[in-house]
Amino acid sequence: MRIGLMTDAYYPQIGGVSTSTSLLKRGLNRQGHHSIIVTTTDPEQPDNEEDVFRVVSTPFFSAKRMTLAFHPILERKIEEMGLDLVHTQTEFGIGNFGRLIAKKNGLPHVHTFHTLYEDWLNDQLHAKRGGLGQRLVHWYVRKESRRFCNAAHVVIVPTEKTRRILRTYGVDVPIRVVPTGIDLYRFYEAKDNIEARRNLRQQYGIGDDDRLLLYVGRISQEKQIEKLTVYIEKRMSRWPQIHFILVGDGPAAGKVKNIIEESPHKDRIHFIGPVRMENVPQYYAAADLFLSASQSETQGLTYFEALASGVPLLVQEDTCLDGVLNEENGISFRDETSFDLGLATMLTETDEKRSLRSRASVKKAHEYGVTSFVNKVLAVYEEAFILKASRR
């Protein structure tokens, strides 16, 4: 099968969409299919990319790229390839380009809805909570999400939470829940590299008996990263053995750095910034707990990456964690009081209990391997072919 994966977000951009699309491309190719990527240009893009076609783009919000949906030269080139199916990953320029390619050539169109844009756009536009700007954002996001998704034959979402939200938007085409897979072995290998783990911890002055708390992801308001940083900073006097590392970048980076700079414990809060994809597993492997206060996730790939690294979770309660978080691999919190209780519980557990949590984390992550992910996506492709044929 020849598949066109259309996405406005791809490497070297860091995020769930680019990671998911790259894993899907590799997984499809390993199973004998031929997949191509159509995406935007990026100043940091590699020189030699196989089956990746980029169109001229301009900077957009928060390191993202923007382009138009009209690319006649590339359109002719893609048509000559004889694609069997179009799978869009985003709803913007390239996503609309893919939608038009599918419609013009009578191809099955599958769309993966990765991002809940309401919180993200409110963050970028600094919309006042409850104000006219926020209401307009909500109206626009729902309208455009509904329009794009209903143009596809089948929509893929990573969680039941996202499926329910799209139904409230008015999306009425079939929606299939397919959790995004992760390359488990990258994280298994890093977890087993004891020397690299010790070296990274020593680099930041973290001893063998210290406890390293980790956040990986966008540094932005919708991730509630300022709240999380304050929660941790306030408890450092009580827990002198804890360090906190933040990996990532985003529009709230300046505010987080200010919190750190004003803290008497700033030597134990380490803002790393963006890290190359291949180096991310080292940070998980060095950690003892993974923390997040986000409630804007459609799935939360970083949760699976932490679990694959044997790192238990202390995370904000969210329906995207249904079926992922359990009493063995972590604790959820609702507010500052329950965060305090969860942190105290996990910091005072015996070595035996910590070991059990680590093993339970890896066991849960094993359910989200790439092979299972690709097989489920292929089943959706087959459904799209059937639905396309039935509409003739």
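For every chain, the first residue of its written sequence is number 1, and the numbers climb from 1 along that sequence. For this predicted model, a pLDDT threshold of at least 70 governs which residues receive local features, and a threshold of 80 or more governs which side-chain atom pairs are given and counted, while totals over whole chains, interfaces and linings are taken from all residues. To get the side-chain values, all heavy atoms of the structure are used, and hydrogens and water are removed first.

Visitor: What's the story with the sheet that holds strand β12 (residues 269-273) in this structure? I'm lost.
Guide: Remark on secondary structure: sheet strands pair via backbone hydrogen bonds, oriented parallel or antiparallel. Note on pairing: two strands pair once DSSP finds at least 2 bridges between them. Every helix listed is a DSSP run of H or I at least four residues long, and every strand listed is a run of E at least two residues long, numbered separately from the N terminus. The 6 strands lie next to each other as β12-β11-β10-β13-β14-β15, forming an open sheet whose pairing is parallel. In the strand order of this sheet, the two ends are held by β12 and β15 (330-333), each with one partner. Ignoring strand direction, the axes of neighbouring strands in this sheet form an average angle of 20°. In this sheet, strand β11 (residues 242-247) lies alongside strand β10 (residues 211-216) in parallel orientation, the contact comprising 6 bridges. Bridging from a neighbouring strand, arginine 211 pairs with isoleucine 242 of β11. Two residues form a contact once any of their heavy atoms are found within 4.5 Å. Axis definition: a line fitted to C-alpha atoms, over the contacting stretch in the case of helices. Angles run 0 to 180 degrees between N-to-C directions. Packing of helix α9 (residues 225-234) onto the sheet brings it into contact with β10, β11, β12, β13 (289-292), β14 (313-316) and β15, and relative to β11 it is tilted by some 165°.

Visitor: When you look at the packing of helix α2 (residues 72-81) against helix α3 (residues 93-105) in this model, what are you seeing that I'm missing?
Guide: Each packed pair of helices is defined by two parameters, the angle between the axes and the distance between the axes. It is at 11 Å that the axes of α2 and α3 come closest, and there the two elements cross at 50°. Regarding the angle of α2 to α3, the classification is oblique. Considering only the axes of α2 and α3, their crossing is right-handed. Of the residues in α3, those in contact with Leu74, Glu75, Ile78 and Glu79 of α2 are Phe97, Ile101, Lys104 and Asn105. An angle below 35 degrees is treated as roughly parallel, one above 145 as roughly antiparallel, one from 65 to 115 as roughly perpendicular, and anything else as oblique. The sense of a crossing depends on the near helix, which, turned anticlockwise from the far helix by less than a right angle, makes the crossing left-handed and, turned clockwise, makes it right-handed.

Visitor: Which parts of the structure should I look at to understand the environment of glutamine 31?
Guide: One can find glutamine 31 in the loop between α1 (16-30) and β2 (34-40). Using a 1.4 Å probe on the protein chains alone, a residue whose accessible area is under 20% of its type maximum counts as buried, one over 50% counts as exposed, and one in between counts as partly exposed. Residue classification places glutamine 31 among the partly exposed positions, given a relative accessible area of 35%. Separated by 344 residues in sequence, glutamine 31 and asparagine 375 have C-alpha atoms that sit 9.3 Å apart. Ignoring anything within four residues of it in the chain, the contact list for glutamine 31 reads Thr371, Val374, Asn375 and Leu378.

Visitor: Just checking my understanding: could you explain the nonpolar core for this structure?
Guide: Soluble globular proteins tend to bury their nonpolar side chains together. With 34 residues, the main nonpolar core has Leu214, Ile245, Tyr283, Tyr284 and Phe290 as its most contacted residues. Top contributing element to this core by residue count: helix α12 (residues 301-308), with 6 residues. When neighbours within four sequence positions are excluded, phenylalanine 290 is seen to be in contact with Leu214, Tyr215, Val216, Tyr284, Thr302, Tyr303, Ala306, Val311, Pro312, Leu313, Leu314 and Val315. In plain words, nonpolar cores are sets of buried Ala, Val, Leu, Ile, Met, Phe, Trp, Tyr and Cys residues tied together by side-chain atoms within 4.5 Å.

Visitor: Would you take a moment to explain the pairing of strand β6 (residues 85-88) for this structure?
Guide: Two faces make up the sheet, and in a regular strand the side chains alternate between them. Residues of β6 alternate between two faces, with Leu85 and His87 on one and Val86 and Thr88 on the opposite face, all of them buried. Here strand β1 (residues 2-6) runs beside β6; their pairing, made up of 4 bridges, is parallel. Each bridged residue has a counterpart across the sheet, and for glycine 4 the counterpart in β6 is valine 86. By the bridge criterion, 3 bridges tie β6 to strand β7 (residues 109-112) in an arrangement that is parallel. Paired with valine 86 across the two strands is histidine 109, which belongs to β7. By the criterion used throughout, a crossover qualifies as right-handed when its path from the first strand across the helix to the second strand runs clockwise, the strands pointing away from the viewer. You can see the chain leave β6, run along α3 and come back into β7, and the turn it takes is right-handed.

Visitor: When you look at the pattern of salt bridges in this model, what are you seeing that I'm missing?
Guide: Note on pairing: side chains with opposite charge can pair once their charged atoms come close. Every case where a carboxyl oxygen of Asp or Glu lies within 4 Å of a side-chain nitrogen of Lys or Arg is listed as a salt bridge. Across all of its chains, the model carries 25 salt bridges by this definition. We note a salt bridge from arginine 26 to aspartate 183, for which the minimum N-O separation is 3.9 Å. Note that arginine 26 is positioned in helix α1 and aspartate 183 in the loop between β9 (175-177) and α7 (184-192), a separation of 157 residues in sequence. On the basis of relative accessibility, which here comes to 22%, the residue aspartate 183 falls in the partly exposed class. Across the salt bridge formed by arginine 176 and glutamate 383, the nearest N and O atoms sit 2.6 Å from each other.

Visitor: What's the story with the environment of aspartate 209 in this structure? I'm lost.
Guide: One can find aspartate 209 in the loop between α8 (194-203) and β10. The class for aspartate 209 is exposed, based on a relative accessible area of 71%.

Visitor: Where do I start with the side chain of arginine 201 in this structure?
Guide: Looking at the element boundaries, arginine 201 is found in helix α8. Assessed through its relative accessible area of 2%, arginine 201 is described here as buried. A distance of 2.8 Å separates the side chain of arginine 201 from the backbone oxygen of aspartate 210, its partner in a polar contact. When neighbours within four sequence positions are excluded, arginine 201 is seen to be in contact with Ile206, Gly207, Asp208, Asp210, Arg211, Leu212, Ala286 and Asp288. What qualifies as a polar contact is a pair of N or O atoms within 3.5 Å, subject to a donor-acceptor requirement within protein and to the restriction that residues adjacent in sequence count only when both atoms come from side chains.

Visitor: So what exactly am I meant to see when it comes to the sheet that holds β9 here?
Guide: Taken together, 7 strands build an open sheet; the order of strands is β3-β2-β1-β6-β7-β8-β9 and the sheet is parallel. A single partner strand is all that each edge strand has here, and the edge strands are β3 (52-55) and β9. Adjacent strand axes in the sheet meet at a mean angle of 20°, parallel and antiparallel pairs treated alike. Where α2 meets the sheet, it contacts β1, β2 and β3, and its direction lies at approximately 160° from that of β3. Set on the sheet, helix α15 (residues 370-390) makes contact with β1, β6, β7, β8 (154-157) and β9; between it and β8 the angle comes to about 160°.

Visitor: Explain helix α10 (residues 253-261) here, please?
Guide: Two residues of an α-helix separated by three or four positions point the same way, owing to the 3.6 residues in each turn. For α10, the complete set of buried residues consists of Ala253, Val256, Ile259 and Ile260. Mapping the buried residues of α10 onto a view down its axis gives an arc of 120°, with all of them on the same face. Where α10 is buried, its residues meet α9, β11 and β12. Summarising the geometry, the arc corresponds to the directions from the helix axis toward the C-beta atoms.

Visitor: What is the right way to look at unusual backbone geometry in this model?
Guide: Apart from glycine, the bulk of residues carry a negative phi angle, and the bulk of peptide bonds sit in the trans form. Cis geometry marks the peptide bond from tyrosine 11 to proline 12, where omega comes out at 10°. Mapped onto the elements of the fold, proline 12 is located in the loop between β1 and α1. Located in the positive-phi region is aspartate 51, a residue other than glycine, with phi close to 60°. Here aspartate 51 shows up in the loop between β2 and β3. Of note in this structure, glutamine 224 is not a glycine but carries a positive phi near 55°. Relative to the elements of secondary structure, glutamine 224 occurs in the loop between β10 and α9.

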